[in-house]
Amino acid sequence: MEFRRLCEYYEMLEGTTKRLEMREILVRLLREVSPEEAEKITFLSLGRLYPPYVGIELGMAERLAMRSIRMVTGASESEIEKAMAKLGDLGLVAEQLLSRKKSQTLLFQEPLTVNQVYATLERIARQTGEGAMEDKVRLLTGLLGKAEPKEAKYIVRLITGKMRLGVADMSFIDAAAAYLGDPDLYKEEIERAYNITSNIGLVMRLVKEGGIEAVRSVRIKVGVPVRPMLAERLTSAAEILQKLGGRGLAEYKYDGERMQIHKLDDEIVIFSRRQENITHQFPDVVQRCKTNLKAKEAIVECEAVAVDPDTGSMLPFQELMHRRRKYDIEKAIEMYPVGLFFFDAIYVDGEDLTGRPLLERRKVLEQIVVPDENIGLTVAKMVEDPEDLDLFMRKAVEDGCEGVIVKDVSPKSVYRAGARGWLWIKYKRSYVSKLVDTLDLVVIGAFHGKGKRSGWFGTFLMAAYDKATDTFKSVCKVGTGFKEEDLQRLTEMVKERAVPRKPARVDSVMEPDVWVEPEIVLEIVGDEITLSPIHTCAYGVIEKNSGLAVRFPRFTGRYRTDKRPEDATTVDEIVEMYRSQLKVIAVEEGEGGAP
Ligand code: AMP
């Protein structure tokens, strides 16, 4: 496929915010490409070259891309800066400057193909070490030299990490199902293939190569991360047990970082909850898994928790962030050792365990995890009685946990990759004393700060994720809880993601000063969930002309970089929180009113 043709599709996608139209455009695009091209165009459309677990990112500083634009167009530095100040998008700057000069030079040039563009971007992304910057600029200059203005716009956006067409992994799954002839019939199977490979490009290639049969033949493989199973939430022990048919396995909910550990002989790879390879941050975990996991091949999941080396007690989540720094890992290992609490086995020695019920998977875990003082299975207890569950919950909190996760133990309690469902239900400490738990919300807009905060963004428009429509719906404006360094950091993060108009996947009637691509997830605590006519979260669900909002929201200080925007608190969860709040109020009023 010629790259200019792909750019025409990109322009069509940018021209609409209607989800169905976008799906139709993607279906038409899929019809035109070969299987290999399907893989490449999928990643390019998402602004990447590979699935996240490969760890090679597109992303060149704007400053460097500007140098290439200067070389190709002959424009001066100040001309580029002026155009940038006016247009706010380096892609548009490249397009404009190139269209001024190109008309005479392009006549005899071969058109660029998708494969050529992809291959060059790949070479740029793979340059590392000394001289890498110069090589990147040289390669980009070569590519832009062959590009038409419109192509240059997208090449520059791709290379600077600003693709943002309003499509996400789910958009491609929907389109693939429609392409195969029935959006409803095939979606689940395509989603399954995606959930066990974490590789949307591969799935699209298979759809083109062998249709639904090829999609069905996908298997779990050690070394390839499986998208994690997630929990729903409820706020009372009785409701939880009722939902689980009377009994469940209650496990401590540790406040750490989820790890999916892959073992193949002596090789250990650790994936984060977002399928990033984080092995290098945890050489101590690698070592321990080599000795304490008794299987030749395994995919197992655990929560890693920072432990106080002096007392052995668990420390809050933030302490693990010391491991994010590239240097000083050795020091961090000593100062912030981690404990590993295993809770699931996905694959062991040739067998895919995802179809087996929870207790069987846990039995396999018991067989392969050799416990010592810093490694073991999660503390767990079978519960049938709400009072028992509450007692266990209190004990979990006393022991430094966030609460418990109660899990289905019936024959249907399979491991459902990539899904949030009722097989796991979280029950958190804050429900016991307060109305509202913390929420993980996505920044979709920002407002300029005033007074002491001028020059920074001081207030942020936050959204919850709506899985049904794959959109982000506004739920509050938050301006408290930020330290000076937070405002500085967030201002930078917002500037990098600011877009000139409302992003396609954002649903909000409130207009911020600046729209922000939905990427930043922050932990927010509020006093309660209230009805609100100005927010779109759950609009019309509880009351006709009203949505739901978080009242008195505050930032807790936690940047949820471990969560993708699609992992944020969902609209359904907020509806659930609102409903259970009403129940709590009803109970309190009932008790208060009794003689
Ligand atoms: P949340 O991030 O609030 O949706 O809660 C789900 C997360 O709790 C999982 O992704 C794990 O990282 C973590 N977790 C802690 N303990 C457990 C456990 N016993 N079973 C499953 N997940 C756990």
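Keep in mind that this is a model prediction, so the values were computed, not measured. (Residues numbered from 1 in each chain as written. Predicted model: local features only at pLDDT ≥ 70, side-chain atom pairs only at ≥ 80, totals over all residues. Heavy atoms only, no water.)

1. Some details on the sheet that holds strand β9 (residues 380–383)
Phase 1: On the basis of which strands lie adjacent, the open sheet formed by five strands has the order β1-β11-β10-β2-β9 and mixed pairing. Looking along the sheet, the strands with just one partner apiece sit at the ends: β1 (230–233) and β9. Averaged over neighbouring strand pairs, the angle between their axes works out to 40 degrees when direction is ignored.
Phase 2: Examined bridge by bridge, strand β10 (residues 403–407) and strand β11 (residues 420–428) share five bridges and lie antiparallel to one another. (Pairing = 2+ DSSP bridges. Helix = DSSP H or I, 4+ residues; strand = E, 2+ residues; numbered from the N terminus. Axes fitted to C-alpha atoms, helices over the stretch in contact; angles between N-to-C directions.)

2. A look at the pattern of salt bridges
Phase 1: Inspection of every chain in the model, using the stated rule, returns 52 salt bridges.
Phase 2: Across the pair arginine 4 and glutamate 2 runs a salt bridge, and its minimum N-O distance is 3.5 Å.
Phase 3: For arginine 4, a relative accessible area of 31% puts it in the partly exposed group.
Phase 4: In this structure, the salt-bridge partner of aspartate 174 is lysine 187, at a minimum N-O distance of 3.2 Å. Taken together, the residues aspartate 174 in helix α10 (residues 169–179) and lysine 187 in helix α11 (residues 183–197) connect sequence positions 13 residues apart.
Phase 5: A relative accessible area of 26% means that lysine 187 is categorised as partly exposed.
Phase 6: Three or more residues joined by partner-sharing salt bridges are found here, namely Asp255, Asp440, Glu523, Arg558, Arg560, Asp562 and Lys563. (Salt bridge = Lys/Arg side-chain N within 4 Å of Asp/Glu carboxyl O. Buried < 20%, exposed > 50% of the residue type's maximum accessible area, 1.4 Å probe, protein only.)

3. Re unusual backbone geometry
Excluding glycine, residues mostly have negative phi values, and the peptide bonds linking residues are mostly trans.
Phase 1: You will see that aspartate 265, though not glycine, has its phi angle at about 55 degrees, which is positive.
Phase 2: Along the chain, aspartate 265 turns up in the loop between β3 (257–264) and β4 (267–271).

4. Focus: empty space enclosed by the protein
Phase 1: Tallying each qualifying case throughout the model produces two cavities of 30 Å³ or more.
Phase 2: By volume, the largest cavity amounts to about 550 Å³.
Phase 3: If you go around the largest cavity, you meet 37 residues; those closest to its centre are Lys253, Arg273, Glu303, Glu402 and Ile405.
Phase 4: Take the lining of the largest cavity: its biggest share by element is four residues, from β11.
Phase 5: Looking at side-chain class alone, the lining of the largest cavity contains 11 nonpolar, four polar and 22 charged residues. (1 Å grid on protein atoms, 1.4 Å probe; cavity = no way out; pocket = protein on both sides within 12 Å on 5 of 7 lines; lining within 4 Å. Points joined across faces, edges and corners; volume = space filled by probe spheres on them. Nonpolar A, V, L, I, M, F, W, Y, C, P; charged D, E, K, R; others polar.)

5. Describing the environment of valine 478
Phase 1: Along the chain, valine 478 falls in strand β14 (residues 471–478).
Phase 2: Overall, valine 478 belongs to the buried group, its relative accessible area being 0%.
Phase 3: Sequence spacing of valine 478 and serine 45 is 433 residues, and the spatial spacing of their C-alpha atoms is 32 Å.
Phase 4: In this view, valine 478 contacts Gly458, Thr459, Phe460, Met462, Ile524, Pro553, Arg554 and Phe555; residues no more than four positions away in its chain are not counted. (Contact = heavy atoms within 4.5 Å.)

6. Let's talk about the domain arrangement of the protein
Phase 1: For the protein, the assigned domains read domain 1 (47–159), domain 2 (230–427) and domain 3 (439–588).
Phase 2: Taking only C-alpha atoms, the centre of domain 1 and the centre of domain 3 are 34 Å apart. (Domains from an automatic or database assignment.)

7. Considerations on the nonpolar core
Phase 1: Phe3, Leu6, Leu44, Leu121, Ile155 and Ile190 are the most contacted members of the largest nonpolar core, which totals 95 residues.
Phase 2: Examining the composition of this core, we find that eight residues originate from one element, helix α12 (residues 200–216), more than from any other.
Phase 3: Counting contributing residues, this core receives three or more from each of domain 1 (47–159) and domain 2 (230–427).
Phase 4: With near-sequence residues (within four places) excluded, leucine 6 lies in contact with Met1, Leu29, Ile41, Leu44 and Val114.
Phase 5: In terms of nonpolar packing, the next biggest core, distinct from the first, is built from 33 residues, Ala464, Val475, Phe555 and Ile574 among them. (Core = buried A, V, L, I, M, F, W, Y, C linked by side-chain atoms within 4.5 Å.)

8. Some thoughts on the site of the ligand
Phase 1: Near the ligand there are 16 residues, and of these Glu251, Arg258, Glu303, Lys407 and Lys426 occur at the shortest range.
Phase 2: Take glutamate 303: an N or O atom from its side chain is 2.5 Å from an oxygen atom of the ligand.
Phase 3: Contact between the ligand and lysine 563: an oxygen atom at 3.4 Å from a side-chain N or O atom of the residue.
Phase 4: Against a free-state accessible area of 500 Å², the protein chains account for coverage of 95% of the ligand.
Phase 5: Assessed atom by atom at 2 Å from the grid points, the ligand resides in the largest cavity. (Near = heavy atom within 4 Å. Polar contact = N/O pair within 3.5 Å; in protein donor to acceptor, adjacent residues only side chain to side chain. Areas by Shrake-Rupley, 256 points an atom, 1.4 Å probe, with all protein chains shown as cover. Sits in = over half its atoms within 2 Å of the grid points.)

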